[in-house]
Amino acid sequence: MKIISSTAYIAGRVVQCILAKCTFAVVLSTIISACFIGAAVAHDDNHDDEQSGQVTLTNEQQRLAGIEVEQAVGSGFSLQTTVPGQLLNDRARSIVIAPQLDVRIIHYDASIGQSVAVGDALLTIGGREIADAQADFVLAAQELSRIQRMEEGVVSDTVREEARIEAERRRAVLRSVFMTDAQITALLSCSDCIGQVQVLSPMAGKVQLSPEQLQYSAGQALSGGTSLLRVNDESTLWVAAELPVRHRLPLEAGQSVVVNVNGELVTGEVLSRGHYVSSVTQTEQILISVDNRSTHWHAGQFAEVHLPSAEQQGVLVPDAALHRQEGNQWRVFVQNEQNTFSSVEVTVLESQGGLHLVSGIEPGARLVMKGAFFIASELAKDGFDTHNH
């Protein structure tokens, strides 16, 4: 009987909407909404949750409604105290492939944007200078081996040391074109390997090429020191923010700030403060580190940095996280468990540029940042009293 009641309820809602000549978007919203509360109609044991302003949604229902949940950020920040910034690659998680000898590109083994692991092939290079450097190492290594086989007293310690230093010097040249120690050692037993190098990725990340690097093609000769490509681990990014001298804030390394990129908010940590003011812009640069594993931002994007302020205490939320209920009160949805959401009343302290500083929730709470409209519509359509909590 419960299944029949649930099905009848869903069909009735859809038919009513069609008879009322609703738009396609409204019909679709009604279908999704009916699915959301079908479980509530079919199960009497959900009645208590409904009366307390809660709604339970499956993972599939959340996906269909486009619900996104993030941790609330902020506490002691103001929308008025902001400075511009730009995302940069984390220098500790980025490496430029720039061989220090003249090279010729033989072919690329990885494509732009490809994710690579340590040891994956990036590209193959060759050229006369690489062949000469490899041959010089082989000869120096063979000479060192010959001297080391000699008995003590046949050659002086100075000669032995000079041979060892020469072999290491030649090895260092090969390392400067990104040959690994295993590849260098393999040259001693593979004379056919001389003349080219398959460059392997020294770190995990994504392959990136600049507009200039995209113009390089197989067979092209490039001078030593030319950057061929870059591998970046974007799980962490830096933000270079310009702090005007008028902001006399005691901002130092280790403090928290809020970084906003296109309405997405992440708490960042100040890495350093330049303590140098540009004579042109009258600004001081601060570097901020942000965890990029959930946001997937990219270097080059512009950002807005919210600085600490003792004037207002609250958390920052975007427009999509807020909804109004009876009495013209602002509310947000907090995720209590994986599939349960509660409506919580908040006070809007400040608003600017699609962001709001609100009080009534604790920093770190799991908030619905997108899709709050659908959850609110389920409570409203079924006559839920979101104030009875």
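In short, a report on the structure. (Residues numbered from 1 in each chain as written. Predicted model: local features only at pLDDT ≥ 70, side-chain atom pairs only at ≥ 80, totals over all residues. Heavy atoms only, no water.)

## Re the nonpolar core
Step number 1: Ranked by internal contacts, the top residues of the largest apolar core, which has 30 residues, are Leu122, Leu123, Ile125, Val199 and Leu229.
Step number 2: Put simply, the parts of the chain that give this core at least two residues each are β5 (103-108), β7 (121-126), α5 (128-149), β8 (196-200) and β11 (229-232).
Step number 3: Per-element accounting of this core gives the leading share, five residues, to α5.
Step number 4: For Leu122, the residues in contact, after removing those within four places along its chain, are Ile97, Tyr108, Asp109, Ala110, Val116, Val199, Leu200, Ser201, Val207, Leu229 and Val231. (Core = buried A, V, L, I, M, F, W, Y, C linked by side-chain atoms within 4.5 Å. Buried < 20%, exposed > 50% of the residue type's maximum accessible area, 1.4 Å probe, protein only. Helix = DSSP H or I, 4+ residues; strand = E, 2+ residues; numbered from the N terminus. Contact = heavy atoms within 4.5 Å.)

## What to know about the pattern of salt bridges
Step number 1: Considering all chains together, one arrives at 15 salt bridges under this definition.
Step number 2: A salt bridge links Glu161 to Arg164; its shortest N-O distance comes to 2.6 Å. With a gap of three residues between them, Glu161 and Arg164 both fall in helix α6 (residues 157-175), about one helical turn apart.
Step number 3: We note a salt bridge from Arg170 to Glu166, for which the minimum N-O separation is 2.8 Å. In this pair, Arg170 and Glu166 both sit in helix α6, four residues apart, roughly one turn of the helix.
Step number 4: The network of salt bridges with shared partners includes Asp136, Glu166, Arg169 and Arg170. (Salt bridge = Lys/Arg side-chain N within 4 Å of Asp/Glu carboxyl O.)

## Considerations on the side chain of Thr226
Step number 1: With respect to the helices and strands, the residue Thr226 is situated in the loop between β10 (221-222) and β11.
Step number 2: Take Thr226: its relative accessible area is 17%, and that puts it in the buried class.
Step number 3: Within polar-contact distance, the side chain of Thr226 engages the backbone oxygen of Ser223 at 2.8 Å.
Step number 4: Apart from the residues within four sequence positions on either side, Thr226 is in contact with Ile97, Ala98, Pro99 and Tyr216. (Polar contact = N/O pair within 3.5 Å; in protein donor to acceptor, adjacent residues only side chain to side chain.)

## Things to note about α5
Step number 1: With 22 residues, α5 should reach 32 Å at 1.5 Å per residue; the first-to-last C-alpha distance of 32 Å fits that figure.
Step number 2: Listed as buried for α5 are Ile130, Ala133, Gln134, Phe137, Val138, Ala140, Ala141, Leu144 and Ile147.
Step number 3: On its buried face, α5 sits against β5, β7, α6, α7 (181-186) and β8. (Expected span 1.5 Å × (residues − 1).)

## Topic: the sheet that holds β11
Step number 1: Overall, antiparallel pairing links the four strands, which are arranged β4-β11-β9-β6 in an open sheet. Single-partner strands in this sheet number two, and they are β4 (94-97) and β6 (115-116).
Step number 2: Looking at chain direction, β4 and β11 are connected through four bridges and run antiparallel. Residue pairing across strands places Val96 opposite Arg230, the latter belonging to β11. (Pairing = 2+ DSSP bridges.)

## Description of the environment of Phe137
Step number 1: Structurally, Phe137 can be placed in helix α5.
Step number 2: A relative accessible area of 2% means that Phe137 is categorised as buried.
Step number 3: In sequence terms Phe137 and Glu168 are 31 residues apart; their C-alpha atoms lie 8.4 Å from each other.
Step number 4: Dropping the residues within four chain positions of it, Phe137 is found in contact with Ala167, Arg170, Arg171, Leu174, Ile184, Leu187 and Leu188.

## Brief notes about the sheet that holds β8
Step number 1: Taken together, the four strands give an open sheet; going across it, the order is β8-β7-β5-β10, and neighbouring strands pair in antiparallel fashion. Edge positions in the open sheet fall to β8 and β10, since each of these has one partner strand only.
Step number 2: In the sheet, β5 pairs with β7 via four bridges, with the strands oriented antiparallel. Within the sheet, the bridge partner assigned to His107 lies in β7 and is Thr124.
Step number 3: Against the sheet, α5 makes contact with β5, β7 and β8, and its axis sits at roughly 90° relative to β8, the strand it touches most. (Axes fitted to C-alpha atoms, helices over the stretch in contact; angles between N-to-C directions.)

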